[in-house]
Structures are given as C-alpha cells and as structure tokens.
Amino acid sequence: MNLFSQLPFFQEQNRWSLWLSSLMALSIYLFNLYPVSVTTSLAVMCFLLFAFKKEQWLCHLFKILILGILLGIVSVSINFLWHPTEALDKKKFVSKLEGTVQEVTPTPYGHRLKISLSHSTSQRIKINLQNVKLTHRIKKNTIPSAGDTVCVDAVLTPFSGPLIPGGFDFKENNRAQGIGASGFTVSPFKLLPKNETTYSAFWQKIRQHITQMIIDTPHVDDQTNAIAASLITGQKALISNETRDNYAASGLAHILAISGLHMNLMALIAFLCIKFLFCRFPSILEQIHLPKIAALLTLFLLFFYWNISGQSMSSTRAFFMASFILFGIIIDREGLSLNFINLAAIFILMLYPNAFKLPSFQMSFFVVLGLISFYQAWPNLFTTNEGNWLRQLYTSTRSLILTSLIASCIILPFSIMHFHTLSLQGILANVIVIPLLGTIILPSLVLGLLIKWITSCSLVLKFTFYLIDWVSWLAQEIGGWPGAKIYIAHPPSWAFLLCIIGLLWLCIWQYRWRLFGLIFLSIGFLGVLSTSPPQCYSFRNHKYYMCQNRKHVFTNNPRLKDFETIYLCHALGFSEKKIQKTKLSQLELMKSL
C-alpha cells in the first residue's frame, strides 16, 4: 500500500464520495435493465467489504460503491411504489372519463389539462393510469379549474418511446412523473360534485390566476405576454413555434422554461432585497444575524415561486439545488460546494430516479459542477471586490463573460445529443440577456404583478413587456446570423458517455491528473462531430419513414410539421426546411438514392 499511497487516486480519498450521485445514476440505469445482476453485484460488494475489512482504503472504496448501488435500488423501488402508474400501449376511446383536474394550461388551440383519474375509471379501462394529459379544443364550453371533478369523453393515445436508438424515451419519462397517456376530449366537460381542495389544486388556482393576470394585460404582441407568463408561472404553451425557434437559434431557449437559472436569479434578487431592507434599520441589525435571516426569508419566497411555477420536475430540481445553497448559509457552511451539489443531486434522484436522463437535469447539474470547480481552481479570476469602481466594473464584466463562456462550452455535448443543434452566437446573446433578466426583467415582473394585484395598475408590467419585446427582437436578429443554428446528426452513445466521463473527471478531482479528462472529452467530441447519420429512420411501427441523401430529407408522412417528423429530421442533421414529401415506398426511395 505504501507504494500506491503517493498516487493521486489515493491522495484524494476525501473526494471519492463526490462520485456517489454518478454511481447512483448508473445503478438506476442498470437496475431498470438488469435487476438481478445489480442485486447480485451488491451482495458481492458486501462480501468483499467483509473479506477485506483490514484494508482501510479498500473498505472505504467498497462502502462508496455499495452506498451508490443501494441508493439507486432504493430510489427505483420507492418510485415504483410512489408512482405505480402504467403506460398506455395503444389508442383507446374512454367514455365518461372521471377525474380531478390537477392543472390547466391555456394553449393557442384551446386548453391542456392534467387530470388525475378516479379509481372507478382506472378499473373500467383495465389499466392503472394515475394521471393523463388531455387537450380540449371544444369552444363555448366552460373550462374547469384546478381541483374540479369532471366527467368527459376522451380519446387516449400512448406516448412514443425512443424515436431513434439511444434517443429520449418520452413514454418512460412521463410514466416516471405519474402520467400514463395523453389524448384529447370529444365532448364538453361535465362538472361533478367537488371533492376537498388538495394542496396541489390550491397552488394551481393561484398559478392560473397569476397567468391570467399576465395574459389579460393589454400589449401589442401577445407573444410578449406568453413569454412573461413562462418566466413567472412556467406556462409556456402559448408561445408560438416561431418564437421558440428564434430563441433556440440565438441560444436563449433555456430562459423560456423555469430552471436553475430562474430559481437562482429569484433567490439572489430576494436575498439582496431583504438585506437592503434590513440595512435601513441599524437597531435591528445589532440583534440579528442578517445573512441567516435573509437566507431563511429567501427560502420561504423561493418556496412560493416553486409552487406557482407548477412543481414540475425541472423547477423542483432547481428549487432543491437553490435550497441547499441557502441552507448552507443558515448552518454556517459553504453552500456553493461540490458536496452540497452532490447531496442535492442524490436527493433529486431519490424523488425522480429517471431525472438523470433529462436534458435539463444534465445541463444544469454539469454547468453548476463546472462553474464551482473552475471557481475553486482559479478564484482570482472571479474576484470583484478589489480596487475602485472602474476596476470592480471590469472584473464583474470579466466574470460574467467567463461564466457564460464556461457554461456555453459545458452544454455543447448535451445540446448536440438531445437537440441536435449547435448555436455559435449563444455566448453573445447570453452575456447581454442574462444580466438584463436578473437585474430588471424578473424584479419588474414581480413588482408589476404585486402592484396590479393591489391597485389594478399595470404600468410597471407594460414597461417590463417592452423590455421583453427588445429581448425577442435581439433573439430574432442574432438567430438570423449565419451559423446561428447548425444541425448535427445524432451522435453515438459511446461518444456522449466519454464526454460525460471527461467532464466528471475534470470537475471532481483536484490534482493535475484531472487533466486526463481532456483526453476523454477530446475523443468524445471527435465522435460527436464526426457522426455519419444513417440513411433512413422509420417510426410509428414502421408506418412512416424518413431518408436522406446528404442534401435533402424525404418522408411519406403527410404531416410535415409533426413533432416526430421534425425531430427525426434534426437527428439526421438537417433543418426542417429540407423536408420533402414523397409517395415512394421506403425500398423504392432507397434504391433511387
């Protein structure tokens, strides 16, 4: 052991535990595929721990491996008991579907409702569906509110599985959240006697009211109202595809969905405002610990924001990440540390085992991990409290640009893997928009809503809407530049895995051997960027296909703007503008190509 004790791996035993969340994710993935093998591996690890109990370093290593595997198994088991819903396999008409409305979201074509099915309905359709999402397009019909018990005729359709090998599994992702099917209504809603108002329904009513306040505020462009609603309540269904494309092309699509960025900005705004207010009363400051009180009050405000944002998986993850940082301030510990981020990831995976497969979780987790690691390695680059105001302005701007650059570089492999796009102008757009969002737009939206609720005056909201108009204009301009949105074919899984290993290796270890992570990253990026796409993809049980000839994409799907068609087009490395319709069979088309 003395010979090996000088190796970096043994000198960094205090950082072995930082791999727990990664081991837990790996355990969840393998346990879902091979439950017997993982359980056997756990038993073998326990035996080895007992057999080598005299070797301290081996015992420490086996304890971490056992804990990581055990956490994964417990997480999957709890989730199965907590969300026992099954997933619908084929299209099904259900008459007199009864359930309680959990969420109501306005859309350009009607309303989308999340309904918790009654036990009698689940028994009647002979499948354990806990929740379903229904689209209601029937006009001149009263739309129920969250908490209402309804009866309606509906057509249920199953979620699609992975459209491509190694692609995102929509069915499993929704099943993990307790949603077993989607569909649409074919009759008006009939309200049944109300049950007691649940906790979720209470917050959904508040969320619905705030969204309606924003939507009802008069403005020239209704897309601005929709973007404002998405920033506060997370309801982005009213945002048009054109607006989404502009934001995606400019690298700003992440601000349309409530995530770690919004939670952290809201926490920072609340924390600074509370400290500022308390500083106006010097007599109180002598009796309290200001940072702790500010962190505690910020935690309560963040809890309110999390509830009105819909308690989605992404906002829940972001809330707990931010809460761990605030909790660190309350207990006099460093909140922005890798240990707290590791604990937050474990906690989130315990609640949502399949969260590690989601692009939002991967991108936010690795961005925070990378920024903290970079700050710990080079803290002087982020120092902003030295020198005169010009010096502080320069260092603050440098820190902002550096933070955006690091975050943009980290999310590159995830953006290519999940969205098959690469935005070269994303860094510039984020450097301009993120400070504006945090310093003016979000505070003005909160203040404007508060003033409108108290006085019915919407001047502050209208001022904020003009700022959002400018952000949308900027997104459209930058999105129109050459190279704003480059489409890259779906990369192989091994290349993406090497990128993840390289990032973890760089961020977790401290000594120089962390630079070996650059080798994994380089090989992974080469694999990602040098992908040769297949000639054809088939979907919907091989009913439709999509083929490419390096210049255009051909499909027999009559709906060219269908989500699956556009997704597969991007997975082949092409813009949806290159899609052409054909009546040839797949075999005939492949021969002609």
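In the block above lies the structure referred to throughout.
These remarks concern the structure in this document.

Criteria and thresholds
Residues numbered from 1 in each chain as written. Predicted model: local features only at pLDDT ≥ 70, side-chain atom pairs only at ≥ 80, totals over all residues. Heavy atoms only, no water. Helix = DSSP H or I, 4+ residues; strand = E, 2+ residues; numbered from the N terminus. Pairing = 2+ DSSP bridges. Axes fitted to C-alpha atoms, helices over the stretch in contact; angles between N-to-C directions. Contact = heavy atoms within 4.5 Å. Parallel < 35°, antiparallel > 145°, perpendicular 65-115°, else oblique. Nonpolar A, V, L, I, M, F, W, Y, C, P; charged D, E, K, R; others polar. Disulfide = S-S within 2.5 Å. Buried < 20%, exposed > 50% of the residue type's maximum accessible area, 1.4 Å probe, protein only. Salt bridge = Lys/Arg side-chain N within 4 Å of Asp/Glu carboxyl O.

### Observations concerning the environment of Leu 7
Right, on to step 1. Structurally, Leu 7 is set in the segment before helix H1 (8–11).
Right, on to step 2. Put simply, Leu 7 and Trp 513 are 506 residues apart on the chain and 9.7 Å apart in space, counted from C-alpha to C-alpha.

### Here's the deal with the sheet that holds strand E12 (residues 579–581)
Right, on to step 1. With respect to topology, four strands assemble into an open sheet ordered E9-E10-E11-E12, the strand pairing being mixed. The two strands at the open ends of the sheet, each matched to only one other strand, are strand E9 (536–539) and E12. Each adjacent strand pair in this sheet contributes to an overall mean axis angle of 20°, direction not counted.
Right, on to step 2. Sheet topology places strand E10 (residues 544–548) next to strand E11 (residues 553–555); three bridges connect them, and they run antiparallel. The residue of E11 that forms the bridge with Met 546 is Thr 555.
Right, on to step 3. Along the sheet, helix H22 (residues 563–571) makes contact with E9, E10, E11 and E12, crossing E9 at roughly 155°.

### Some thoughts on the packing of helix H2 (residues 20–33) against helix H3 (residues 35–51)
Right, on to step 1. Interaxial distance between H2 and H3 falls to 5 Å at its minimum, and their mutual angle equals 130°. Considering the angle they form, H2 stands oblique to H3. Along its contact with H2, which presents Ser 27, Leu 30, Phe 31 and Leu 33, the element H3 presents Pro 35, Val 38 and Thr 39.
Right, on to step 2. For the contact of H2 with H3, the residue count by class is five nonpolar, two polar and no charged.

### Some words on the state of the cysteines
Right, on to step 1. This model, assessed by the stated rule, comprises one disulfide.
Right, on to step 2. Note that Cys 536 is cross-linked by a disulfide to Cys 547, the S-S spacing being 1.8 Å. Between Cys 536 and Cys 547, the S-S torsion sits near 105°, and that sign places the bridge as right-handed. One end of the pair, Cys 536, is in strand E9; the other, Cys 547, is in strand E10, and eleven residues separate them in sequence.

### Observations regarding H22
Right, on to step 1. With seven of nine residues buried, H22 lies mostly within the body of the structure.
Right, on to step 2. Along H22, the residues classified as buried are Glu 564, Thr 565, Tyr 567, Leu 568, Cys 569, His 570 and Ala 571.
Right, on to step 3. Of the residues one or two after H22, Gly 573 is the one with positive phi, at around 90°.

### A short note on the pattern of salt bridges
If the charged atoms of two oppositely charged side chains come close together, the side chains can form a pair.
Right, on to step 1. Across all of its chains, the model carries three salt bridges by this definition.
Right, on to step 2. Taking the shortest distance from any N to any O, the salt bridge between Glu 12 and Arg 15 comes out at 3.9 Å. You'll find Glu 12 and Arg 15 in the same group, each marked buried.
Right, on to step 3. Residue Glu 103 pairs with Arg 207 through a salt bridge whose shortest N-O separation is 3.0 Å. One end of the pair, Glu 103, is in strand E1 (residues 92–107); the other, Arg 207, is in helix H7 (residues 199–216), with 104 residues separating them in the sequence. Arg 207 matches Glu 103 in its accessibility class, with the two residues each being buried.

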